[in-house]
Amino acid sequence: MNRYTRDQMAARVAQDIRDGAYVNLGIGLPTLVANHLPKDREIILHTENGLLGMGPAPAPGAEDPDLINAGKQPVTALPGASFFHHADSFAMMRGGHLDCCVLGAFQVSVEGDLANWHTGAPDAIPAVGGAMDLALGAKSVYVMMEHLTKSGESKIVSQCTYPVTALRCVSRIYTDLAVLEVTPRGLRAVDIVDGLSLPELARLSGVAIGS
Amino acid sequence: MIDKTVATVAEAIADIHDGATVMIGGFGTAGMPSELIDALIAQGARELTIVNNNAGNGDVGLALLLEAKRVRKIICSFPRQTDSWHFDALYRKGEIELELVPQGNLAERIRAAGAGIGAFYTPTGYGTLLAEGKETREIDGRQYVLEHPIRADFALVKALAGDRWGNLVYRKTARNFGPIMASAARCTIAQVQRIVPLGALDPEAVVTPGIFVHRVVEVVVEAANAGTAPAPGTAT
């Protein structure tokens, strides 16, 4: 079976981010999107620890421990950047000022419920960070994840079995098999990887998917 | 004359008592007032409730306070990290209480305490495990959860520069929780890279006005890049 590579997935997400957008990229797979933002678009990256106008990683040796992203990796600040405290940073999310966020997920339901913070395993140490604020705050919530778990179960589900992060918040799902839109009438396939049919995608997903 | 400057970190934290609630600034180690925490470990206060975004990193600052078993409870958003081994060990042994709060709710609860807000409705967390048992309300067709302020006896924050009135400027993303924690504690103690004369900080650029700060102590940290840039809003 054909699959989109991680870079192809990231490039596909980047294609859907418009010029002038304020965007937050979550930890993990979504950080790859930054490498694929079209050069002819001015897109401002937000990191919830307090920076708008985040730039790429610094050159080796130029790291600054006071200039990091939400994943605590060293970053740079572009001309036009601003720093702010945490209450302002989350006002940008919760207040509906961010145009888009891209998040990883354990599961997404057909109604757009998101589970991405906790497996619910009894021995797991829970950690939530900004996931819940981002999921319901950004105007568009894009999820980027592998379509199936390692054991072949669909991560797109009729109802989340993992603890949810936020309800009915996801706009689009970008996986290694397809791009899906969450609509009031259920999931709709926007793109499917070459060689995979819509009925086969729906069968693998275990949920109904329209065209 | 107002002079909030204190000569040593030991003097700055001397009266933190057993059982105190202490906010500690920082996101990971950016903005963490590690020297104040080291002094607190040496001072010996125990049974503390700590408010921080994380639960310690590696073997510095907050992680060492946890390792020394001085913390009864931690209120934070993201305890589990690759380098949170001291917290992880205590948590698995049941030796520390965890109140997990979504990061934006953590920030807003701290801000609310500083701003005198009784409680507030937020959409974050609605329908999740972290809102279980909390009052909810529909407002204009959207669901909200009632959240209460987090107040502290002490706040320990790190800033780039401060003056004797307690005005502070920060450095880059090390600002994070500093300004809101400063407003939410009965006694706010700031460690600064340098104390500057009154008037040296540009009033247009002061981030935390001195009214929120009670003690300022200079801690010169010789780290690569840290604090070598001119202070924003510093006239000298």
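Right above here is the structure, for reference.
Okay, so let's go over this structure. (Residues numbered from 1 in each chain as written. Chains lettered and ligands numbered in written order. Predicted model: local features only at pLDDT ≥ 70, side-chain atom pairs only at ≥ 80, totals over all residues. Heavy atoms only, no water.)

Quick look at a nonpolar patch on the surface
A cluster of nonpolar side chains, contributed by I2(B), W165(B) and L198(B), occupies part of the molecular surface with about 270 Å² of accessible area. Positionally, W165(B) belongs in the loop between β9 (152–162) and β10 (168–169). (Patch = residues over 30% accessible without salt bridge, like charges linked within 9 Å, V, L, I, M, F, W, Y side chains within 5 Å. Areas by Shrake-Rupley, 256 points an atom, 1.4 Å probe, with all protein chains shown as cover. Salt bridge = Lys/Arg side-chain N within 4 Å of Asp/Glu carboxyl O. Helix = DSSP H or I, 4+ residues; strand = E, 2+ residues; numbered from the N terminus.)

Notes on helix α4 (residues 85–92) of chain B
All names here are of chain B. What α4 keeps buried is the set H86, F87, D88 and L90. Along its buried surface, α4 packs onto α3 (62–67), β4 (71–76) and β5 (97–100). Once α4 ends, the next one or two residues include G94, with phi positive near 70°. (Buried < 20%, exposed > 50% of the residue type's maximum accessible area, 1.4 Å probe, protein only. Contact = heavy atoms within 4.5 Å.)

Topic: the side chain of T175(A)
All names here are of chain A. Turning to its location among the elements, T175 is positioned in the loop between β10 (172–174) and β11 (178–183). The exposure class assigned to T175 is buried, which follows from its relative accessible area of 1%. A distance of 2.9 Å separates the side chain of T175 from the backbone nitrogen of L177, its partner in a polar contact. Apart from residues lying up to four places away in sequence, T175 is in contact with Y4, M9, M145, E146, H147 and I156. (Polar contact = N/O pair within 3.5 Å; in protein donor to acceptor, adjacent residues only side chain to side chain.)

Observations concerning the interface of chain A and chain B
The interface is formed by 39 residues belonging to chain A together with 47 residues belonging to chain B. Roughly 3,400 Å² is buried in total at the junction of chain A and chain B, and carbon and sulfur atoms are behind 63% of that figure. When the buried area of chain A at its contact with chain B is split by residue, D66(A), H86(A) and I125(A) rank highest and sum to 21% of it. For the salt bridge of D64(A) with K172(B), the shortest nitrogen-to-oxygen distance reads 3.1 Å. On inspection of chain A and its partner chain B, the count reaches 18 residue pairs in polar contact (both at pLDDT 80 or more). Among the secondary structure elements, those contributing two or more residues to the side of chain A that touches chain B are α2 (86–94) and α3 (131–137) of chain A. At 4 residues, α2(A) tops the list of elements feeding residues into the side of chain A that touches chain B. Partitioned by chemical class, the residues of the side of chain A that touches chain B number 21 nonpolar, 10 polar and 8 charged. (Buried area = accessible area lost by both parts, 1.4 Å probe. Nonpolar A, V, L, I, M, F, W, Y, C, P; charged D, E, K, R; others polar.)

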